[in-house]
Amino acid sequence: MKKIIILLCGIILISCNNSTHKRTIKLQEEVENLPHVQEEDIINNMELVQLDSESKHLGRISKIVQLDNFLYLLDQQAMCLHIFTTKGEYVNSIEKQGHGSGEYIYLSDIFIDKKKKTINLLCSNEKKVMVYDLRGKKMIEEKRIPKTFTYMAKTLNGYVGYMGNYTEDIDEPYNYFILDEQMNVVDKCCEINKYLESTVNAEIYPISTYKDKCNLITEMSYDVFTVSQNRANHYFQFDFGKYNLPKQVLKDLTGPFKQDKEFDPKYVYYIYRFQETEKYILAYLYFNTQNVLYAYDKKSKKSKFLELSFNMKPYFLEFGKIVGFDDCKIHTLISACDVREIYIGHNRYNDFLSLYPKQIKNLRERISEPKDSDNPFIMIYNLK
């Protein structure tokens with residue numbers, strides 16, 4: 001926990017170019033009992049996907065992206081990309097580990113090019129992106145990249161790459177590099193804190209896209225930058241009011257004379273993912289010993305923390321771990337053993353069937369009985 005906090009709390013020492021006037025998105029309400037996300041006007045509906053477990057068994061899924069009816073799952077245990085349909089049907093896997101042409105040592109990220117309709121695999125060790133058709137059957141090209149990026153995303157006019165706090169060139173000690181279509185650097189943003197050099201939290205995905213914009217967050221603070229016309233400019237800053245980490249604590253953690261500190265769990269320690277939608281700016285974060293969703297209504301200018309526990313409809317299932325987030329959907333993972341407990345209607349402590357008969361009936365009608373060893377389930381939350 002200490003390592004994560006140190007990694008994510010360098011707000012005092014982070015400097016970013018193009019940062020002038022700061023617009024803030026401020027939490028207005030006191031946090032007492034958190035409303036559930038289903039009680040708010042955020043989620044339109046949800047789809048439960050039972051993945052085919054016979055054709056392909058999955059390892060540790062770190063990211064999901066979706067285009068049309070295809071789901072792309074980055075498996076960082078097996079170091080490959082799996083492709084399923086939104087009905088759970090297995091399509092293909094890209095498994096090309098090796099040292100030869102068309103192969104890779106390590107897959108660090110995947111991203112979609114919606115315009116060209118391609119799936120892109122970031123191979124950080126080789127400094128390249130492997131571009132495939134949407135079924136993963138044919139590699140279209142390999143693109144060389146100028147830096148050892150940890151994550152990448154497609155922008156309207158090029159790409160953006162994230163360095164993961166690793167300074168590859170002392171003359172360019174930045175976390176973000178903006179690239180044109182030919183992968184040439186055209187701008188950069190956010191100097192790397194020298195006290196946090198070469199430390200990165202793999203749970204955090206700091207890039208999101210909305211319409212023609214690509215938004216970036218400094219994972220060690222609450223500042224968000226936006227890329228437009230191949231330039232990065234400050235967009236806004238999350239302000240959690242009294243739940244922000246105190247400045248003196250941040251200095252103690254990230255300065256040259258670091259000190260051990262015990263923290264009150266009410267503070268916002270880090271943001272996993274963030275996303276702008278048509279109606280909201282959302283952030284998936286850790287607060288008060290649990291993962292919650294922070295929702296800022298762009299029209300009313302109001303914001304609140306929302307609980308992500310068990311859904312009450314249409315199934316009694318946990319919300320799941322968020323591994324995919326775009327401007328239309330949230331993708332979460334729920335283990336097969338957790339789904340099976342609800343499906344059979346009980347465990348050693350609870351009689352779910354008597355408490356939630358309608359929800360369990362809906363679940364049994366939707367899926368076949370899973371085994372504990374099956375692939376995880378995917379819940380797709382369609383956002384309003």
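Refer to the preceding data block for the structure.
Since the model is a prediction, treat every value here as computed from it, not as a measurement.

Draft legend 1. Structural detail: the pattern of salt bridges. Per the counting criterion, the structure on display carries 19 salt bridges. The partner of Asp-41 in a salt bridge is Lys-279, and the shortest N-O contact between them spans 2.5 Å. Here the residue Asp-41 occupies a position in the loop between strand S1 (24–26) and strand S2 (43–49), and Lys-279 occupies one in the loop between strand S19 (268–276) and strand S20 (280–287), the gap between them amounting to 238 residues. Residue class for Lys-279 comes out partly exposed when judged on its relative accessible area of 29%. A network of salt bridges, in which partner residues are shared, links Asp-41, Lys-279 and Lys-384.

Draft legend 2. Structural view of the sheet that holds strand S7 (residues 109–113). With antiparallel pairing, four strands are arranged side by side in an open sheet as S7-S8-S9-S10. At either end of the open sheet lies a strand with only one pairing partner, and these are S7 and strand S10 (139–144). Looking at each pair of strands side by side, their axes are set apart by 25° on average, direction ignored. Relative to S10, strand S9 (residues 128–132) is paired through five bridges, and the arrangement is antiparallel. Along S10, the bridge assignment pairs Tyr-132 with Met-139.

Draft legend 3. Expanded view of the sheet that holds strand S17 (residues 223–228). The five strands lie next to each other as S1-S18-S17-S16-S15, forming an open sheet whose pairing is mixed. Looking at which strands have only one partner, the edges of the open sheet turn out to be S1 and strand S15 (207–210). Neighbour to neighbour, the strand axes of the sheet diverge by 25° on average, direction disregarded. Pairing of S1 with strand S18 (residues 231–239), which is carried by three bridges, proceeds in the parallel orientation. Within S18, the position partnered with Lys-26 by the bridge is Asp-239.

Draft legend 4. Quick look at the packing of helix H3 (residues 336–344) against helix H5 (residues 357–366). Where H3 meets H5, the axes come as close as 9 Å, and the angle between the chain directions of the two elements is 115°. In the crossing of H3 with H5, the sense of the turn from one axis to the other is left-handed. Residues Val-339, Ile-342, Tyr-343 and Ile-344 of H3 lie in contact with H5, whose contacting residues are Ile-360, Leu-363 and Arg-364. The class makeup of the residues in the contact of H3 with H5 is six nonpolar, no polar and one charged.

Draft legend 5. Just the layout of surface pockets, in detail. The space that makes up the largest pocket amounts to roughly 790 Å³. Taken together, 34 residues line the largest pocket, and the ones lying closest to its centre are Ile-112, Asp-113, Lys-114, Lys-154 and Thr-209. Only strand S3 (61–67), S7, strand S11 (151–154), S15, strand S16 (213–217), S19 and strand S23 (321–325) provide two or more residues apiece to the lining of the largest pocket. Broken down by class, the residue content of the lining of the largest pocket amounts to 14 nonpolar, seven polar and 13 charged. A volume near 530 Å³ is recorded for the second largest pocket. In this structure, the second largest pocket is lined by 30 residues; those nearest its centre are Gln-76, Ser-108, Thr-150, Tyr-151 and Ala-202. Of all elements in the fold, only S3, S19 and S23 reach the threshold of two or more residues within the lining of the second largest pocket.

Draft legend 6. Seen up close, the nonpolar core. Of all hydrophobic cores here, the largest spans 61 residues; its most connected members are Phe-238, Phe-240, Leu-285, Tyr-294 and Phe-305. Here this core gets eight residues from one element, more than from any other, and that element is S20. Setting aside residues up to four positions removed in sequence, Leu-285 forms contacts with Phe-240, Val-268, Tyr-270, Ile-271, Tyr-272, Gln-290, Asn-291, Val-292, Tyr-294 and Phe-305. By size, the runner-up hydrophobic cluster in this structure holds 21 residues, among which are Cys-80, Leu-107, Ile-110 and Tyr-132.

Draft legend 7. Representation of the side chain of Thr-167. For Thr-167, the position within the fold is in the loop between strand S12 (158–162) and strand S13 (174–180). A polar contact is formed between the side chain of Thr-167 and the side chain of Glu-197, at a distance of 2.7 Å.

Draft legend 8. Geometry of the packing of aromatic side chains. Following the criterion strictly, the structure yields 26 aromatic pairs and no others. For the pair Tyr-174 and Phe-177, a centre-to-centre distance of 6.5 Å together with 90° between the ring planes defines the contact as edge-to-face. Each member of the pair, Tyr-174 together with Phe-177, is buried. For the pair Phe-240 and Phe-305, a centre-to-centre distance of 6.0 Å together with 20° between the ring planes defines the contact as stacked. Here Phe-305 lies in strand S22 (residues 303–307) and Phe-240 lies in the loop between S18 and helix H2 (247–254), a separation of 65 residues in the sequence. Of the residues examined, Phe-240 reaches a relative accessible area of 1% and is grouped as buried.

Here is what the cut-offs are and how they apply
Residues numbered from 1 in each chain as written. Predicted model: local features only at pLDDT ≥ 70, side-chain atom pairs only at ≥ 80, totals over all residues. Heavy atoms only, no water. Salt bridge = Lys/Arg side-chain N within 4 Å of Asp/Glu carboxyl O. Helix = DSSP H or I, 4+ residues; strand = E, 2+ residues; numbered from the N terminus. Buried < 20%, exposed > 50% of the residue type's maximum accessible area, 1.4 Å probe, protein only. Pairing = 2+ DSSP bridges. Axes fitted to C-alpha atoms, helices over the stretch in contact; angles between N-to-C directions. Left-handed = near helix turned anticlockwise from the far one by under 90°. Contact = heavy atoms within 4.5 Å. Nonpolar A, V, L, I, M, F, W, Y, C, P; charged D, E, K, R; others polar. 1 Å grid on protein atoms, 1.4 Å probe; cavity = no way out; pocket = protein on both sides within 12 Å on 5 of 7 lines; lining within 4 Å. Points joined across faces, edges and corners; volume = space filled by probe spheres on them. Core = buried A, V, L, I, M, F, W, Y, C linked by side-chain atoms within 4.5 Å. Polar contact = N/O pair within 3.5 Å; in protein donor to acceptor, adjacent residues only side chain to side chain. Phe/Tyr/Trp six-rings, centres within 6.5 Å; stacked < 30°, edge-to-face > 60°.

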